[in-house]
Amino acid sequence: MTDTPEADATFQLDGHDVPFEPGQTILQAALAAGKYIPYLCFHREFHPHGSCKVCTVKVNGRTGASCTTPARPGDVVESETEEIRDLRRHLVQFLFTEGNHFCPSCEQSGNCTLQAVGYDLGVTTGHYVPLFPNRPLDASHPEVLLDFNRCILCELCVRASTLVDHKSVFALSGRGIDKHLVVNAESGRLADTNLAVDDKAMSVCPVGVIQRKRRGFLVPIGKRTYDERPIREVAVDREKEA
Amino acid sequence: MNHDLTALVGRHGGDGSRLVQILREVMAVEGWISPPTITELARLLHLSRAHVEGVAGFYAFFATTPHGRFRVLFSDNVTDVMAGSHELRKRMLDSFRIELGEVSRDGLVSVGATSCTGLCDQGPALLVNGHAIARLTPARIGAITSLIRAGSPVEQWPDNLFTIDHHVERKDLLLGTELAPGAGIDAASGRGRAGTVAEIEASLLRGRGGAGFSTGAKWKACAAAPGEQRYVVCNADEGEPGTFKDRELLREWAPLVVEGMTVAGWAVGAHKGLIYLRGEYLFLLPALEALLEERRRAGLLGAGIRGVPGFDFDVEIHLGAGAYVCGEESALLESLEGKRGIPRNRPPYPVTHGYRQQPTVVNNVETLVAAALIAARGADWFRAVGTPKSAGTKIHSVSGDVARPGIYEFPFGTSIRTLLTAAGATKTQAVMVGGPSGVLVSASEFDRRVAFEDVPSAGAFMVFDDSRDVLSVLDNFAHFFAHESCGFCTPCRVGTTVQRQILGRVVAGKGSRRDVDELLQVSRLLKATSHCGLGHTAGNAVLDGLTKFRPAFDRRLSSLDVPTFDLDAALAPAREATARDDAGAHLDEEGP
Ligand SMILES: Cc1cc2nc3c(=O)[nH]c(=O)nc-3n(C[C@H](O)[C@H](O)[C@H](O)COP(=O)(O)O)c2cc1C
Ligand code: SF4
Ligand code: SF4
Ligand code: FES
Ligand code: FES
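Residues numbered from 1 in each chain as written. Chains lettered and ligands numbered in written order. Predicted model: local features only at pLDDT ≥ 70, side-chain atom pairs only at ≥ 80, totals over all residues. Heavy atoms only, no water.

A. Focus on the overall build of chain B. Along its length, chain B carries 25 helices and 14 strands. Radius of gyration (C-alpha) of chain B: 24 Å, near the 25 Å computed for a compact globule of 592 residues. Oriented by its inertia axes, the alpha-carbon framework of chain B measures out at about 75 × 65 × 45 Å. Within chain B, the proportion of its 592 residues that are buried is 59%. For chain B, the share of sequence-separated contacts (at least 6 apart) that also reach a separation of at least 24 residues comes to 71%. (Helix = DSSP H or I, 4+ residues; strand = E, 2+ residues; numbered from the N terminus. Rg over C-alpha atoms; globule rule 2.2 N^0.38 Å. Buried < 20%, exposed > 50% of the residue type's maximum accessible area, 1.4 Å probe, protein only. Contact = heavy atoms within 4.5 Å.)

B. Seen up close, the site of ligand 3. Residue and element names in this part refer to chain B. Around ligand 3 lies a shell of 14 residues, among which Cys-486, Phe-488, Cys-489, Cys-492 and Cys-532 are the nearest. Looking at the shell around ligand 3, the elements that each hand over two or more residues are helix H19 (490–507) and helix H21 (533–537). Partitioning the shell around ligand 3 into residue classes produces eight nonpolar, five polar and one charged. (Near = heavy atom within 4 Å. Nonpolar A, V, L, I, M, F, W, Y, C, P; charged D, E, K, R; others polar.)

C. Quick peek at the nonpolar core. Of all hydrophobic cores here, the largest spans 156 residues; its most connected members are A:Phe11, A:Leu114, A:Phe170, A:Ile210, B:Tyr59 and B:Phe477. Element by element, the count of residues in this core is highest for helix H18 (residues 470–484) of chain B, at eight residues. Dropping the residues within four chain positions of it, A:Ile210 is found in contact with A:Val144, A:Leu145, A:Leu146, A:Cys157, A:Phe170, A:Ala201, A:Met202 and A:Cys205. B:Val232, B:Leu250, B:Leu319 and B:Val365 belong to the second largest nonpolar core, which has 65 residues in total. (Core = buried A, V, L, I, M, F, W, Y, C linked by side-chain atoms within 4.5 Å.)

D. Structural context of the site of ligand 1. Residue and element names in this part refer to chain B. In the region of ligand 1, 19 residues are neighbours, and Gly-209, Glu-238, Asn-363, Asn-364 and Thr-367 sit closest. Asn-363 places a side-chain nitrogen or oxygen 2.9 Å from an oxygen atom of ligand 1. A distance of 2.7 Å separates an oxygen atom of ligand 1 from a polar side-chain atom of Asn-364. Summarising the interface, the protein chains cover 89% of the accessible area of ligand 1, which totals 610 Å² for the free molecule. Elements supplying a minimum of two residues to the shell around ligand 1: strand S9 (360–364) and H21. Among the elements that take part in the shell around ligand 1, S9 stands out by supplying three residues, more than any other. Looking at the shell around ligand 1 residue by residue, the classes come out as four nonpolar, nine polar and six charged. (Polar contact = N/O pair within 3.5 Å; in protein donor to acceptor, adjacent residues only side chain to side chain. Areas by Shrake-Rupley, 256 points an atom, 1.4 Å probe, with all protein chains shown as cover.)

E. Expanded view of empty space enclosed by the protein. What the rule picks out here adds up to five cavities of 30 Å³ or more. The computed volume of the largest cavity comes to approximately 110 Å³. Lining the largest cavity are 17 residues, with B:Arg278, B:Glu280, B:Gly322, B:Ala323 and B:Tyr324 positioned closest to its centre. Residues of the lining of the largest cavity, tallied by class, amount to seven nonpolar, six polar and four charged. Space inside the second largest cavity adds up to approximately 90 Å³. Looking at the second largest cavity, it is lined by 13 residues, and the ones nearest its centre are A:Cys151, A:Cys154, A:Cys157, A:Cys205 and A:Pro206. (1 Å grid on protein atoms, 1.4 Å probe; cavity = no way out; pocket = protein on both sides within 12 Å on 5 of 7 lines; lining within 4 Å. Points joined across faces, edges and corners; volume = space filled by probe spheres on them.)

F. Layout of the sheet that holds strand S3 (residues 126–128) of chain B. Residues and elements named next belong to chain B. One open sheet accounts for four strands, arranged S2-S1-S3-S4; its pairing is mixed. Strand pairing shows two members of the sheet lacking a second neighbour, strand S2 (109–114) and strand S4 (131–133), which therefore form its edges. Between one strand and the next, the sheet's axes are offset by a mean angle of 25°, whatever the strand orientation. Pairing of S3 with S4 involves three bridges; the strand directions are antiparallel. (Pairing = 2+ DSSP bridges. Axes fitted to C-alpha atoms, helices over the stretch in contact; angles between N-to-C directions.)

G. Representation of the pairing of strand S14 (residues 460–465) of chain B within the structure. Residues and elements named next belong to chain B. For S14, the tally of buried residues reaches six of six residues, placing the bulk of the element in the interior. Bridging between strand S10 (residues 393–400) and S14 involves four bridges; their strand directions are parallel. Residue Ser-399 lies in a different strand from S14, and its bridge partner there is Met-462. Alignment of strand S12 (residues 428–433) against S14, held across five bridges, turns out to be antiparallel.

H. Representation of the packing of aromatic side chains. Scanning the entire structure with this criterion turns up 14 aromatic pairs over all chains. Each ring, one from A:Tyr36 and one from A:Tyr39, has its centre 6.4 Å from the other, and the planes form 50°; the classification is tilted. Measuring from ring centre to ring centre gives 4.8 Å for B:Tyr231 and B:Tyr355, while their planes differ by 90°; the resulting arrangement is edge-to-face. On the criterion of sequence distance, the pair formed by B:Tyr231 in strand S6 (residues 231–236) and B:Tyr355 in the loop between helix H14 (329–336) and S9 is long-range, its members being 124 residues apart. Across the pair, exposure class does not vary: B:Tyr231 and B:Tyr355 are buried alike. In this arrangement the basic side chain of A:Arg175 is found over the ring face of B:Phe58, its NZ or CZ atom lying 5.9 Å from the centre. Positioned above the aromatic ring of B:Phe452 is the side chain of B:Arg206, whose terminal nitrogen or guanidinium carbon lies 4.0 Å from the ring centre. (Phe/Tyr/Trp six-rings, centres within 6.5 Å; stacked < 30°, edge-to-face > 60°. Lys NZ or Arg CZ within 6 Å of the ring centre and 35° of its normal.)

I. Broad picture of the confidence of the model for chain B. Residues with a pLDDT of 70 or more make up 94% of chain B, whose mean pLDDT is 95. Scoring the predicted complex yields pTM 0.94 and, for the interface, ipTM 0.96. (pLDDT = per-residue confidence, 0-100.)

J. The arrangement of the interface of chain B and chain A in detail. Each partner contributes to the interface: chain B provides 46 residues, whereas chain A provides 41 residues. A combined buried area of about 3500 Å² lies between chain B and chain A, and 56% of that area is made up of carbon and sulfur atoms. Across the chain B-chain A interface, the total number found is three salt bridges. Note that A:Glu98 is salt-bridged to B:Arg493, the shortest N-O span being 2.6 Å. (Buried area = accessible area lost by both parts, 1.4 Å probe. Salt bridge = Lys/Arg side-chain N within 4 Å of Asp/Glu carboxyl O.)

K. Representation of the environment of B:Gly459 within the structure. Residue and element names in this part refer to chain B. Here Gly-459 is to be found in the loop between strand S13 (439–442) and S14. Judged by relative accessible area, which is 0%, Gly-459 ranks as buried. Sequence spacing of Gly-459 and Glu-366 is 93 residues, and the spatial spacing of their C-alpha atoms is 9.8 Å. Among all residues touching Gly-459, those that are not within four sequence positions of it are Thr-243, Lys-245, Lys-394, Ile-395, His-396 and Ser-397.

L. Inspection of the pairing of S10(B) at higher detail. Residue and element names in this part refer to chain B. With seven of eight residues buried, S10 is to be regarded as a mostly interior element. Two strands pair when backbone bridges link them, and S10 and strand S11 (residues 406–411) are joined in this way by six bridges, in the antiparallel orientation. Bridge assignment links His-396 to a residue of S11, and that residue is Tyr-408. The turn linking S10 back onto S11 is made up of five residues.

M. Structural view of the pattern of salt bridges. All names here are of chain B. Going through the model one piece at a time under the given rule, you end up with 61 salt bridges over all chains. Note that Asp-314 and Arg-296 form a salt bridge whose closest N and O atoms lie 3.0 Å from each other. Here Asp-314 is found in strand S8 (residues 314–319), whereas its partner Arg-296 is found in helix H13 (residues 285–297), with 18 residues between them in sequence. With a shortest N-O distance of 2.7 Å, Arg-344 and Glu-334 are connected by a salt bridge. Placement of the pair is Arg-344 in the loop between H14 and S9 and Glu-334 in helix H14, with a sequence separation of ten residues.

N. Main features of the sheet that holds S10(B). Residue and element names in this part refer to chain B. Reading across from one edge, S5-S11-S10-S14-S12-S13 is the order of the six strands in this open sheet, with mixed pairing throughout. Where the open sheet ends on each side, the last strands, each with one partner, are strand S5 (168–170) and S13. The sheet shows a mean angle of 25° between the axes of neighbouring strands, direction not considered. Relative to the sheet, helix H17 (residues 416–423) contacts S10, S11, S12, S13 and S14, its axis offset from that of S11 by approximately 140°. Here helix H22 (residues 540–548) sits on the sheet and contacts S12 and S13; the angle it forms with S13, its principal contact strand, is near 25°.

O. Here's a closer look at the environment of A:Pro104. Within the secondary structure, A:Pro104 sits in the loop between helix H2 (82–98) and helix H3 (113–121). Sequence separation between A:Pro104 and A:Phe46 is 58 residues, and the spatial gap between their C-alpha atoms is 31 Å.

The structure is reproduced here in C-alpha cells:
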C-alpha cells in the first residue's frame with residue numbers, strides 16, 4: 001500500500017469496496033458509488049461544511065464526519081451499524097429538540113430532508129425535552145416567507161447566497177444554542193435585502209425555512225418526494241443524474 | 001459617530017481582517033455596537049453587513065443591545081462561587097435594584113456573569129467595562145457601587161482596586177532559570193534553522209496547551225510546508241477555567257515568551273509573530289507593548305536581529321473578546337482573521353494552512369518559554385527532568401480549597417498528593433486537573449501522577465474539600481460548556497444545553513435513574529461526534545462524576561427508577577403562548 005491515493009484506490013464501506021478519486025471525501029465517494037450515508041449540511045455543489053455530524057461514520061475504529069474526512073486507500077469504514085445509526089438518531093433528535101418542528105402542518109413535510117433522514121434512522125420521537133425557542137417569522141418580503149422555527153443552521157443558504165449569488169443575504173450570528181440566522185439588512189427584515197426569487201439561496205434549504213409565498217401545498221402531502229420513495233434511494237439517484 | 005468610525009477604521013488600515021480588534025474599540029468608546037454602527041462598519045470595511053453582525057454577535061464581550069454605561073461582569077468560575085461571588089453579586093444587584101442581565105432604568109449600569117477571568121488565586125473577581133478587579137469583599141463591592149453611582153469613569157478609579165497579586169509558590173526548571181535577553185536567540189542562530197528545530201525535537205518538548213503534540217515535530221512540519229509567509233502564534237487565550245499560569249508567565253517571564261516566539265520564528269522561517277491575548281488580560285497589555293518596544297530598540301525584534309542577515313521577526317498583539325473556543329488553535333486563527341471563532345475542518349492543519357492559509361506554528365505560552373530556555377541551555381538540560389514520556393516540568397495553577405493558592409512548577413511525574421501537600425490542602429475530596437475539560441480525580445487516586453501518560457494537564461488544579469457538593473461543581477462546569485459552545489456542530493450546540501438541563505434536574509433533586517442514563521448517552525455523543533476539543537471534552541467531568549462519585553448522584557435522585565416528568569417545564573410553551581411568567585404561572589417558586 002502506498003501513501004498517495006491512486007486512481008484505482010478503494011476503501012471498505014461496511015465490507016464493500018468503494019473506489020475513490022484523489023481529493024474525494026468518504027461521503028462523496030460513497031454517494032458516487034451508489035451507497036447512501038445520511039447527511040444534512042452536505043450539498044454536492046458546495047465545499048463540505050461538517051457541522052450537522054449526521055454523516056458520522058467510524059473510520060478504522062475512530063468516529064468522524066464522512067463528508068469532511070478524506071478517503072484513503074485501505075480505510076475500513078463502518079456506516080450502517082447499530083452503534084453508528086444510534087449516534088445519528090440522537091443527533092437528529094437534537095435538531096428536532098432545538099427547533100420547532102410541527103411536521104404534520106409543515107409546508108415542507110414530505111420534501112424535508114430532516115424529516116426524511118429521521119424516517120431513515122427510525123426516529124419516532126424527539127426524545128429530549130423540547131427547547132421551544134422563540135423564533136418569529138419574517139413575512140416582510142412580497143414573495144418569500146422565512147420560518148426560522150425549522151432552521152437547522154446548516155449554512156447552505158449562507159453559502160449559496162455568498163458564493164453563488166454574490167449577495168450575502170444570509171449569515172449566522174450569536175453562538176452556542178443562541179446561534180441564529182440573520183439577514184443582510186439593518187432593519188433585520190428580508191424585504192430590505194436584495195434577495196430575488198431565482199437566487200440559488202432560494203433552492204438549497206434542506207428544511208422548510210425559505211418558502212415561496214402562494215405556492216403552499218401545490219403538491220398535496222402524501223405525493224411528495226419522500227412520501228413516494230425513501231431518501232436513501234432518492235439521494236443516490238440524484239447523484240447519478242448529476 | 002460616523003466621523004469617529006471613519007477615523008477608527010482608518011487606524012486599522014481599513015482592513016476587514018482586523019474586525020475583532022475594531023469592534024473591541026467600538027465597545028470601549030460607545031459601550032455597545034448599535035445597528036447603524038454595524039451598517040457603517042460594513043460599508044467602511046467593504047464587508048457584508050450580515051457578516052459584521054455575525055462577528056459582533058459571536059463574542060461575549062461585544063454587546064449588540066444597549067448595556068449600562070458601566071457593564072459589570074462577575075466571574076462565574078466555580079472557585080469564585082466558592083469564595084462567595086454570588087452573595088457579592090446579589091449585594092450589588094440589590095443596591096442598584098436590578099436583576100442579573102438587566103440594565104438599570106437610567107441606563108447607568110448592568111450586571112451579568114462571565115466565564116472564568118483567570119484570577120482564581122485571588123477571587124472573587126469581576127470585570128467592569130473590561131477591566132479586572134480581584135479579591136472582592138463586601139467593602140470593595142461597596143466602593144465599586146459608589147463609584148458607579150457617582151458616574152466616575154473607570155479610568156479614574158483608584159489604582160488599588162485594579163492591583164493583581166502574584167502568587168508564585170514554587171519555581172523549578174523554567175521559573176528558576178535566569179536568561180540574559182537574547183541568549184536563546186544567539187544560541188539558535190548559532191545552530192542554524194534546522195539545527196534549532198533538531199534541538200527542540202531532541203528535548204522531547206511537548207505542547208503545554210492541552211494536546212501535548214511534539215513541539216519539534218510541529219516546527220519541522222511548518223518549516224517544510226510550502227508558503228509565501230510563515231507565522232508564529234502565541235496562544236495566550238488561557239480560557240480553561242482554573243488556569244492562570246500563563247497570566248503570570250506573561251508578566252515576569254514575558255521576555256522569555258517573546259524570546260521563544262523569536263526562536264520559533266527563526267527555526268521555521270517566519271517573519272511575523274502574533275500574540276492572541278485573552279480580553280480578560282487587558283491589564284497585561286501596556287507592559288507587553290512596552291516590552292516589545294524595548295526589544296525592538298535592543299535589536300531583539302525587527303530586521304536583522306542580532307546582526308544576523310535575514311533574521312527578521314516582529315510581534316503584534318491581538319486581543320480576544322470573551323470566547324473560550326478561541327483557545328482552540330484553528331478557531332483562534334479565524335478570530336485573528338477577524339471572523340467568528342469557529343474551529344476549522346482538519347485536515348489541513350495550521351502547520352500547512354494556518355493564519356491567512358499560510359504555514360503557522362501555534363504554541364502555548366508555557367511551551368514558548370520552555371523553547372527559549374531549551375535554545376539557550378540545550379536539549380539535555382531539559383530532558384534530564386520529568387519522565388521519559390513527559391520531559392521537563394509543568395506549571396500548575398492551584399486554586400480552590402488550599403491554604404496557598406498560586407502557581408507551582410513541578411517536574412512531570414509529580415503526584416497529585418505532593419501538589420496538594422505543597423499548597424496546604426486538607427480534607428480534599430476531589431481535584432479537577434486540567435480544568436472542566438480535564439480529569440476529575442477522587443481521593444483514592446491522589447497517588448496518580450501528572451504526566452501525559454497518567455493524568456495529563458493543561459495547567460488547572462482546582463481543589464475541592466469535603467465540605468463541597470460535587471454535583472454543584474459539575475453543574476457549574478455544565479453551565480460553562482453550554483455558555484461557551486460555539487454552536488457550529490449539532491452535538492455540542494445542543495448536547496451541552498441538554499447536559500446542563502438534565503444535570504440541573506438532578507441537582508434540584510428532581511432527577512431519576514433515567515436521567516443518569518441520559519447523561520451517559522449525551523457525554524458519549526459529545527465525545528464521539530463533536531467537531532472540536534470543546535465538544536469532545538464537554539462531558540468528561542460529568543462522566544468522571546458518574547463513575548467516581550456515583551453515591552452523590554444516587555442520593556440526589558428523586559426516584560431510582562421511575563422517570564420523572566417536570567410538569568413545570570412542560571408548561572413553558574403555555575406560559576409563552578399566554579405571555580405570562582409570573583409566580584402564579586409556575587408550579588413552584590424556583591421557576592424554569
Ligand atoms: C476549546 C479549546 C480551548 C483551548 N484553549 C487553549 C488555550 O487557552 N491555550 C492554549 O495554549 N491552548 C489551548 N487549546 C489547545 C490548542 O488548540 C492547541 O493545541 C495549542 O495551543 C497548541 O500549542 P502547544 O502545542 O504549545 O500546546 C485549546 C483547545 C481547545 C479544544
Ligand atoms: S435557513 Fe435552511 S439553509 Fe439556511 S441555515 Fe437554516 S436550515 Fe440551513
Ligand atoms: S464541538 Fe462543535 S459546537 Fe462545540 S465548540 Fe466545537 S465546533 Fe463548536
Ligand atoms: S453532512 Fe457531514 S457534517 Fe453535515
Ligand atoms: S418537517 Fe417541516 S421542517 Fe422538517
